[in-house]
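# Results of the structural survey
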Amino acid sequence: MILKRGGQLKDEHPGRVTRDGIRIHAAEDFAGMHRAGRLAATILDEIAEHVFPGQTTGEIDRLIEERIEAAGAQSATIGYRGYRHASCISVNHVVCHGIPGDKKLRDGDILNIDVTVIVDGWFGDTSRMYVAGKHSRKAERLIQVTHDALMTGIEAVKPGNTFGDIGHAIQTHVEGHRMSVVRDFCGHGLGRVFHAPPNVLHYGRPGSGARLEEGMFFTIEPMVNLGRPETKVLSDDWTAVTRDKSLSAQFEHSVGVTADGVEIFTLSPAGRFHPTYG
Ligand code: MF3
Ligand code: CO
Ligand code: CO
């Protein structure tokens, strides 16, 4: 009797972890990630109109927390290693993990808002850039290069490629524009957990690192600096800034490896992932 290959697919994806510790998820797990990713992306869509000069990052965070609750979901960051907010908001030379607070945004500020939600146990993690008021040409260039670096990295996601291929694509794009890739922070596996193997580096050599397999879920979240790549963490133990005070930008998507490529779980339903200019 001839075995029908197509019909067996689902059963070929049991709970499995690779020797690098990377979980291989089942076909039906994609739906859970899609729901979590869509909520996180929708909240980032809706928050755009609340970003303007004079607004505080604390108020933006409060609105985010309200929306997570209204959706019947949970914030992954509140209570995470002592963190107390529903978002990280990183302004200008803050690289990541900026803590929302009373400081008012000023005209020309650029900021990353990073939200992670839990929906039915699945984690959706995404961040993107916003501008308060009128931004400079150099800020626009930085945001564009960082966005394109993420999307170039995502294009390298398919079974058979390696994590090094992703990092190499990102690094090549960024350095080709004479900007630098932050080395001190990386993307991460996720799924029913927030941070899991592997560390997804945003630089690397082609063919290096673990091989991508269908069912792997992870984030890609390059941080790009206009100046040098070095960072330091402030005395609040969270806020990471560029050592040379240069502007920094970041975009993040949660993705899954499919049979022939990639599914982006955190696509913007409103098509607003990239801030619009003009
Ligand atoms: N969302 C961040 C990431 O992309 C992690 C934030 S952890 C926090 O991995 F505690 F700072 F919120
Ligand atoms: Co992340
Ligand atoms: Co994030």
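A brief look at the structure comes next. (Residues numbered from 1 in each chain as written. Chains lettered and ligands numbered in written order. Predicted model: local features only at pLDDT ≥ 70, side-chain atom pairs only at ≥ 80, totals over all residues. Heavy atoms only, no water.)

### Regarding the coordination of the cobalt ion (ligand 3)
- Within the protein, Asp114 (OD), Asp114 (OD), Asp125 (OD) and Glu252 (OE) serve as the donor atoms for the cobalt ion (ligand 3), at 2.1 to 2.3 Å.
- Geometry at the cobalt ion (ligand 3) is irregular, judged from the six donor atoms that bind it and their angles of 58 to 169° at the metal.
- Separating the cobalt ion (ligand 3) from the cobalt ion (ligand 2) is a gap of 3.3 Å, which Asp125 spans by donating to each of them. One end of the pair, Asp114, is in strand S6 (residues 110–119); the other, Glu252, is in the loop between strand S15 (248–250) and strand S16 (253–257), with 138 residues separating them in the sequence. Summarising the burial analysis for this pair, Asp114 and Glu252 share the class buried. (Donors = N, O, S within 2.8 Å, 3.2 Å for Na, K, Ca; no water. Tetrahedral: all angles 85-135°; square planar, octahedral: opposite > 155°, others 65-115°. Helix = DSSP H or I, 4+ residues; strand = E, 2+ residues; numbered from the N terminus. Buried < 20%, exposed > 50% of the residue type's maximum accessible area, 1.4 Å probe, protein only.)

### Description of the sheet that holds strand S5 (residues 94–96)
- Across the sheet, which stays open at both edges, the three strands sit in the order S5-S14-S13 with antiparallel pairing between neighbours. Because the sheet does not close on itself, it has two edges, and the strands there are S5 and strand S13 (231–233). Across this sheet, the average inter-strand angle for adjacent strands is 40°, counted without regard to direction.
- Across two bridges, S5 lies against strand S14 (residues 240–242) in antiparallel orientation. Its bridge partner lying in S14, Val94 is registered against Val241. (Pairing = 2+ DSSP bridges. Axes fitted to C-alpha atoms, helices over the stretch in contact; angles between N-to-C directions.)

### What to know about the site of ligand 1
- The immediate surroundings of ligand 1 are formed by 14 residues, with Thr77, His188, His195, Glu221 and Glu252 found nearest.
- Computed on the free molecule, ligand 1 has an accessible area of 330 Å², of which 96% lies beneath the protein chains in the complex.
- Its residues assigned to classes, the shell around ligand 1 comprises five nonpolar, five polar and four charged. (Near = heavy atom within 4 Å. Areas by Shrake-Rupley, 256 points an atom, 1.4 Å probe, with all protein chains shown as cover. Nonpolar A, V, L, I, M, F, W, Y, C, P; charged D, E, K, R; others polar.)

### Details of the coordination of the cobalt ion (ligand 2)
- In this structure, Asp125 (OD), His188 (NE2), Glu221 (OE) and Glu252 (OE) serve as the protein donors to the cobalt ion (ligand 2), at separations of 2.0 to 2.2 Å.
- Note that the cobalt ion (ligand 2) binds six donor atoms; their angles at the metal cover 50 to 161°, and the shape is irregular.
- Within one chain, the residues serving as donors to the cobalt ion (ligand 2) are arranged as D-x62-H-x32-E-x30-E.
- Taking relative accessible area as the criterion, Glu252 reaches 0% and is therefore assigned buried.

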